[in-house]
Amino acid sequence: MIEFNNITAVYSEESGIFNLDFHVNKSELIFLMGPTGSGKSTVLNVINKKIKINSGSLIIDGKDVTKIKRRKIPYYRRKIGMIFQDYKLISDRTIFENISLPLQLVGAAKKDILYSVDQVLDKVSLRGVLDSFPDELSGGEQQRVSIARALINNPLLVLADEPTGNLDHNIADEIIDILENISNEGSTVLMSTHNYPLIKNRDKRFIELDNGRKIS
């Protein structure tokens, strides 16, 4: 599903990723490990086409997207669900509006939006909050909303950038359970984290980075 072939992507003289090679299989959950500044977010931004590749090639779902045309990037991103550490919810919109926004932007029919929101809420085990606003929810609930929004388009690929960074251990563990279920249902999940104790007991492969280079 994801192939990094000797990719270098530099956004300052010393910041970026360098000669990076790895692959992630379809429906696999992979942890991208490393301290702050190791290149984890750069990897995710390269996949999401927010950082330009200087050299190497990026293959997503069997297609070379290294030099995808700018006008095609919005369509490419519809296959990707993004989850962030700080949730990035819109504070003056209800939970229903936050979750359904990606479908509204592509002009989906109202009945389809209602059905999709209902289905995705089951995946994140969250009910009874659709009329609430983000600041009325706990951090764990807000992250579940963020995950629901990322899943609303049935993405092939889910990128989670430190999604447990603001949560206590028990809630963080529940979030990883959700991500594992997502991969079991067919989406490929790449989650970045610096918290090795949180994932050490998970029977999953991880890729470790340091200073923009793969070390394991």
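For the structure, check the block above.
I will try to describe carefully the structure that is included in this document. (Residues numbered from 1 in each chain as written. Predicted model: local features only at pLDDT ≥ 70, side-chain atom pairs only at ≥ 80, totals over all residues. Heavy atoms only, no water.)

Quick look at the sheet that holds strand β1 (residues 2-10)
Right, so step 1: Pairing in this open sheet of four strands is antiparallel, and the strands run β2-β1-β4-β5 from one edge to the other. Strands with a single pairing partner mark the edges of an open sheet, and in this sheet they are β2 (16-24) and β5 (63-64). (Pairing = 2+ DSSP bridges. Helix = DSSP H or I, 4+ residues; strand = E, 2+ residues; numbered from the N terminus.)

So, helix α4 (residues 110-123)
Right, so step 1: Between its terminal C-alpha atoms α4 stretches 20 Å, which fits the 20 Å expected from 14 residues at 1.5 Å a residue.
Right, so step 2: Taken together, the buried positions of α4 are occupied by Ile113, Val117, Val120 and Leu121. All buried residues of α4 project into a common sector of 105° when viewed along the axis, lining one side. Among the exposed residues of α4, those pointing more than 90 degrees away from its buried face are Lys111 and Tyr115.
Right, so step 3: Tucked into the core, α4 has its buried residues touching α3 (95-105) and α5 (139-151). (Expected span 1.5 Å × (residues − 1). Buried < 20%, exposed > 50% of the residue type's maximum accessible area, 1.4 Å probe, protein only. Arc of directions from axis to C-beta. Contact = heavy atoms within 4.5 Å.)

Overview of unusual backbone geometry
Right, so step 1: Although it is not a glycine, Ser27 sits at a positive phi angle of roughly 65°.
Right, so step 2: Looking at the element boundaries, Ser27 is found in the loop between β2 and β3 (29-33).
Right, so step 3: Unusually for a residue other than glycine, Asn211 sits at a positive phi of about 50°.

Comments concerning the nonpolar core
Right, so step 1: Ranked by size, the top nonpolar core spans 36 residues in total, and within it Ile83, Ile99, Val145, Ile147, Leu179 and Ile182 carry the most contacts.
Right, so step 2: Listed by contribution, the elements that provide at least two residues to this core are β3, α3, α4, α5, β7 (157-161), α6 (169-184), β8 (188-193) and α7 (196-199).
Right, so step 3: Per element, the largest residue contribution to this core is six residues, and it comes from α6. (Core = buried A, V, L, I, M, F, W, Y, C linked by side-chain atoms within 4.5 Å.)

Description of the pattern of salt bridges
Right, so step 1: For the coordinates displayed, the defined rule picks out eleven salt bridges.
Right, so step 2: The salt bridge involving Glu180 is made with Lys204; its shortest N-O contact spans 3.7 Å. Note that Glu180 is positioned in helix α6 and Lys204 in the loop between α7 and β9 (206-210), a separation of 24 residues in sequence.
Right, so step 3: Using a relative accessible area of 22% as the deciding quantity, one classes Glu180 as partly exposed. (Salt bridge = Lys/Arg side-chain N within 4 Å of Asp/Glu carboxyl O.)

Here's the deal with the packing of α5 against α6
Right, so step 1: Here α5 crosses α6 at 15°, and the two axes come no closer than 10 Å. When the interaxial angle is binned, α5 and α6 end up roughly parallel. In the packing of α5 onto α6, the handedness of the crossing is right-handed. Residues Gly140, Gln143, Arg144, Ile147 and Leu151 of α5 touch α6, and the partners they reach there are Ile171, Glu174, Ile175, Ile178 and Ile182.
Right, so step 2: Residues of the contact of α5 with α6, tallied by class, amount to six nonpolar, two polar and two charged. (Axes fitted to C-alpha atoms, helices over the stretch in contact; angles between N-to-C directions. Parallel < 35°, antiparallel > 145°, perpendicular 65-115°, else oblique. Left-handed = near helix turned anticlockwise from the far one by under 90°. Nonpolar A, V, L, I, M, F, W, Y, C, P; charged D, E, K, R; others polar.)

What about the sheet that holds β8?
Right, so step 1: An order of β6-β7-β8-β3-β9-β10 is seen for the six strands of this open sheet, with the pairing classed as mixed. In this open sheet, the two edge strands, each paired with only one partner strand, are β6 (80-84) and β10 (213-214).
Right, so step 2: With five bridges connecting them, β6 and β7 associate as parallel partners. Counted as the bridge partner of Gly81 is Val158 from β7.
Right, so step 3: This element, α5, spans β6 and β7 of the sheet and lies at about 165° to β6.

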